[in-house]
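Examining the three-dimensional arrangement
Here is what each chain is made of, one letter per residue.
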Amino acid sequence: RKKSTEVDGLTGESSPQETSEPDARAGWNSKIEYFLAQVGFSVGLGNVWRFPYLCHQNGGGAFLLLYILLMLIVGIPLFFLELAAGQAIRQGSIGVWKYISPRLSGIGYSSCVVCFFVALYYNVILAWSLFYLGNSFQHPLPWEKCPEQGNVTGKRVKECIKSSPTSYFWYRKALDITDSIDETGSFNTYIVCCLLAAWTIVCLGMFKGIKTSVKVMYFSSIFPYVVLFCFLIRGLLLDGAFEGIGFMFYPKLEIWADVQVWRQAATQVFFALGLGFGSIIAYSSYNPRNNNCHRDAFTVSFINFLTSVLATLVVFAVLGFRAKNKVMECVASNLNDLSKHFHDGLVPNNVMPPFNYSDPKSVALKDYSNWFEQYASMVPGNLTDCDLEKEMQKGVEGTGLAFIAFTEAMTLLPGSPFWSALFFLMLLNLGLSTMFGTMEGILAPLSERFKCLARNKTKLTIASCIIGFLLGLLFTQRCGNYFMMMFDDYSATLPLIIVVVFETFSVSWLYGADRFLNDIEGMLGWRPSVVYKYLWKYICLFAMLGLLGATTIRMFLSRPTYMSWNQEKASEEHLEYPDWALAVLALLIIFATLPVPVGFIHAFLQKRNTESRDAENGHYRMVNTEETAMTDLSALEHRNGDAAPVS
């Protein structure tokens, strides 16, 4: 039995009259669950392997200051906007943007498409992590030494000797990669099995929606922090750790004059917070309407930033240790050559260094560098400067950091299998919590938009994972890593920036920034600062338009390239994408952004048809000129008998 309820036109909430209805929408059991979900989604692999690289390449401490500035004036306001919209309307991205501006309902569909593209290749990284995790339980680690050529004892594989054991294991054993994207090759059986395992884990975690995924997040969101602190403590005790950290934080303020650095910092803020995916909106839609989403925006953003800094400390402590080892090997090799030249009478006595060159391990790097600057030109042969910073810059971005540089550093540690297993288990959990958020950005809006899907939420989850696995097989070919790079660089970047531009425009200009602030005041009981109005209407919008312009111009100024592995040279090299690959790349971007104009045209034609029918029938419609606040659509649907069953 139901009794009548009255809906408050301002807040969209029913008056406290007697009702026997159940809750209209699922919710978090506690605030901790919500934080774990939001932090788990926003803190991902990019915090570990992208942020440290950008920080080191773009001025160290100066880049950190620039990142904080952009996070405060662009990142947090947009993050707050998405949190507030999701919490107010209590729908996924499709429902939220259709409510705010029916003509821009395509924004939500674009978010879903981008989430699907990202999920396809992101889970491949989880598959690689599983492969390395499985290979970590042996001593010595399989990437510690070059394998023997055939059955000939003592003869090593040439490709491995030319590169390094870790590079060889990554490119030849894990990926078995081709020389270019044009050479497809067969499927990699091991990676196919690992990809199946990764999608199975995601499917089991999402089986019953947020109720099951959040239980996994209690481990997957917290465990990476435990591992990072373990690595930090162990890393700081290593020789070369403080030199590595010093290179990271050394400020180069001149980089502020470089437009490309601003573009990279803005892009990192954008992706670090997960803007535009729809996952933030989906997660916040499960919150009670009076939840302080303003405080949440600052809390999650700063946890994200501090995680990036923590990961950067860990990365450069360990890479500093690795670089110091390599540089000291270089010094030892040079001093051995120097000693031979001296005994052969090719080097005069006054050129020989004052330190004990017969014992290279006792030589300080600074003493060698000072001697090299003064006398290297007087020594025959090819002595090198053994520069620590140059060594630090090698292979420290993306998969090169995780699967080559970091794995090499761990082989130098006592108990290397333990540290290796810990590291790849951390990568797996970082990726898993992000995958849950990405999948929620697909499943939540679709199940709310299409009632037939809502009634079969579990089947939708399983079907999505099966489709994801089948399409993900593209990345398990021998050339799959090149497609992975294409998706990573182009399928999400431009479409997401376009999505966020339209999001900001629709809220601040079409719906109205003042009206949006009124809605937030109705939810929270207090009004956020008027500064947000100007940030949304001008600063954020123009910043995103600038980022869109800079990214587009950069794409057209130079032909897109990818990093390939040349088996003959046993080295990486940049190759231009062939014409067919550029066509695929363009189709990815078009397909992801197409829902926005299609949604606009559909809404326009629908409105015109409705007006035509009304005119033909002689009907006149009352137009309400009063502004009404954002309404909890899930509650209204429930009262109308249309609520989706909560799984």
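Residues numbered from 1 in each chain as written. Predicted model: local features only at pLDDT ≥ 70, side-chain atom pairs only at ≥ 80, totals over all residues. Heavy atoms only, no water.

Focus: the overall build of the chain
What counts, and what does not: Helix and strand assignments follow DSSP, with helices taken as H or I runs no shorter than four residues and strands as E runs no shorter than two, numbered in order from the N terminus. Think of it in three bands: with a 1.4 Å probe and only protein chains considered, a residue is buried below 20% of the maximum accessible area for its type, exposed above 50%, and partly exposed in between. Pairs of residues are marked as contacts when any of their non-hydrogen atoms sit within 4.5 Å.
In terms of regular secondary structure, the chain is built from 27 helices and 2 strands. Expressed as a percentage of its 647 residues, the buried residues of the chain come to 55%. In the chain, of all internal contacts separated by at least 6 residues, the share reaching a separation of at least 24 is 80%.

Remarks on the packing of aromatic side chains
Two numbers describe a pair of aromatic rings. These are the distance of the centres and the angle of the planes. Selection rule: Stacked, edge-to-face and tilted are the three classes for Phe, Tyr and Trp ring pairs, Trp counted by its six-membered ring, which pair at centre distances within 6.5 Å; planes under 30 degrees apart are stacked, over 60 edge-to-face, the rest tilted. For a Lys NZ or an Arg CZ to count as sitting over a ring, it must be within 6 Å of the ring centre and within 35 degrees of the ring normal.
Applying the stated criterion across every chain, the model contains 49 aromatic pairs. Their ring planes at 75 degrees and their centres at 6.1 Å tell us that phenylalanine 131 and tyrosine 132 sit as a pair that is edge-to-face. For the pair phenylalanine 131 and tyrosine 132, a shared accessibility class is recorded, and that class is buried. Over the aromatic face of phenylalanine 450 sits the side chain of arginine 449, whose NZ or CZ is 5.4 Å from the ring centroid. Note that lysine 537 overlies the ring of tryptophan 509, its terminal NZ or CZ placed 4.2 Å from the centroid.

Section: the pairing of strand β2 (residues 571-576)
We count it as follows: Only when DSSP finds a minimum of two bridges between them are two strands counted as paired.
The sheet contact formed by strand β1 (residues 561-566) and β2 spans 6 bridges and is antiparallel. From the neighbouring strand, methionine 563 faces β2, where its bridge partner is histidine 574. Between β1 and β2, which pair antiparallel one after the other, the connecting turn spans 4 residues, and alanine 570 there sits at a positive phi close to 55 degrees.

Section: the UniProt feature "binding site: Na(+)" (unreviewed entry) in the chain
Here is the rule: UniProt positions are given in the numbering used here, feature names are shortened, and annotations may be inferred rather than shown by experiment.
On the UniProt side, "binding site: Na(+)" (unreviewed entry) is annotated at positions that read Gly40, Val43, Asn47, Asn304 and Leu430 here. For the residues just named, distributed over 391 residues, the greatest C-alpha separation is only 12.4 Å, placing them together at one site. Relative to the helices and strands, glycine 40 resides in helix α1 (residues 31-42). If we ignore the near neighbours within four places in the chain, the residues touching glycine 40 are Phe35, Ser221, Leu430, Ser433 and Thr434. Of note, asparagine 47 is situated in helix α2 (residues 45-49). If we ignore the near neighbours within four places in the chain, the residues touching asparagine 47 are Ser42, Pro52, Asn304, Ser308 and Ala311.

A few points about the pattern of salt bridges
Spelled out, the test is: Salt bridges, as used here, are contacts in which a Lys or Arg side-chain nitrogen is within 4 Å of a carboxyl oxygen on Asp or Glu.
Here the structure, examined in full by the defined rule, presents 13 salt bridges. Among the ionic pairs, aspartate 176 bridges to arginine 478, the shortest N-O distance being 3.5 Å. Of the two residues, aspartate 176 sits in the loop between α8 (165-174) and α9 (189-206) while arginine 478 sits in the loop between α21 (457-472) and α22 (480-491), which places them 302 residues apart along the sequence. Glutamate 576 is the salt-bridge partner of arginine 559, the closest N and O atoms lying 3.7 Å from each other.

A word on the state of the cysteines
Threshold: Pairs of cysteine sulfur atoms within 2.5 Å are identified as disulfides in what follows.
Inspection of every chain in the model, using the stated rule, returns 2 disulfides. Ordinal numbering of bonded cysteines along the chain defines a disulfide pattern of 1-2, 3-4.

Here we look at α8
Summarising burial for α8: 8 of the 10 residues are buried, a large majority. Of all the residues in α8, the buried ones are Thr166, Ser167, Tyr168, Phe169, Trp170, Tyr171, Arg172 and Ala174. The secondary structure elements touched by the buried residues of α8 are α6 (106-135), α7 (158-162), α9, α18 (398-411), β1 and β2. With its phi angle positive at about 45 degrees, aspartate 176 sits one or two positions after the end of α8.

Quick word on unusual backbone geometry
Across the junction of histidine 139 and proline 140, the peptide omega takes the value 0 degrees, indicating a cis bond. For proline 140, the position within the fold is in the loop between α6 and α7.

Some remarks on the side chain of arginine 289
Just so we agree on the cut-off: Under the rule applied, a polar contact is a pair of N or O atoms within 3.5 Å (in protein, one hydrogen donor and one hydrogen acceptor; residues adjacent in sequence only if both atoms are side-chain atoms).
Tracing the sequence through the fold places arginine 289 in the loop between α14 (279-284) and α15 (293-343). By relative accessible area, arginine 289 is classed as buried at 9%. There is a polar contact of 2.5 Å between the side chain of arginine 289 and the backbone oxygen of alanine 88.

A closer look at the environment of isoleucine 233
Topologically, isoleucine 233 is positioned in helix α11 (residues 223-236). Sequence separation of isoleucine 233 and alanine 317 is 84 residues, and the distance between their C-alpha atoms is 9.6 Å.

Some points on helix α16 (residues 365-375)
An α-helical segment advances 3.6 residues per turn. Residues three or four places apart therefore align on the same side. Worth spelling out the cut-off: This arc is built from the directions going out from the helix axis to the C-beta atoms.
Inspection of α16 places Leu365, Tyr368, Trp371 and Phe372 among the buried residues, and these make up the whole buried set. Looking straight down α16, one finds that the buried residues subtend no more than 130 degrees of arc, so they occupy a single side. Of the residues in α16, the exposed ones pointing more than 90 degrees away from the buried face are Lys366, Glu373 and Gln374. Among the structural elements, α15 and α17 (388-392) are those in contact with the buried residues of α16.

Considering the packing of α9 against helix α10 (residues 210-220)
Note the threshold: Axes here mean lines fitted to C-alpha atoms, for a helix over just the part in contact, with angles spanning 0 to 180 degrees between N-to-C directions. For classification purposes, angles smaller than 35 degrees are called roughly parallel, those larger than 145 roughly antiparallel, those between 65 and 115 roughly perpendicular, and all remaining angles oblique. For this classification, the nonpolar set comprises Ala, Val, Leu, Ile, Met, Phe, Trp, Tyr, Cys and Pro, the charged set comprises Asp, Glu, Lys and Arg, and every other residue, Gly included, is treated as polar.
Between α9 and α10, whose axes approach to 6 Å, the crossing angle comes to 120 degrees. When the interaxial angle is binned, α9 and α10 end up oblique. Along the contact surface, α9 presents Leu204, Gly205 and Met206, while α10 presents Thr212, Ser213 and Val216. When the residues that make up the contact of α9 with α10 are grouped by side-chain class, the tally is 3 nonpolar, 3 polar and no charged.

A closer look at the packing of α1 against α10
Two measures define how a pair of helices packs: the angle their axes make with one another and the distance between the axes. Two elements in contact, α1 and α10, have axes separated by 9 Å at closest approach and are oriented at 75 degrees. Taken together, the axes of α1 and α10 are roughly perpendicular relative to one another. From α1, Ile32, Glu33, Leu36 and Ala37 reach across to α10, where they touch Val214, Met217 and Tyr218. Tallied by class, the residues present in the contact of α1 with α10 amount to 6 nonpolar, no polar and 1 charged.

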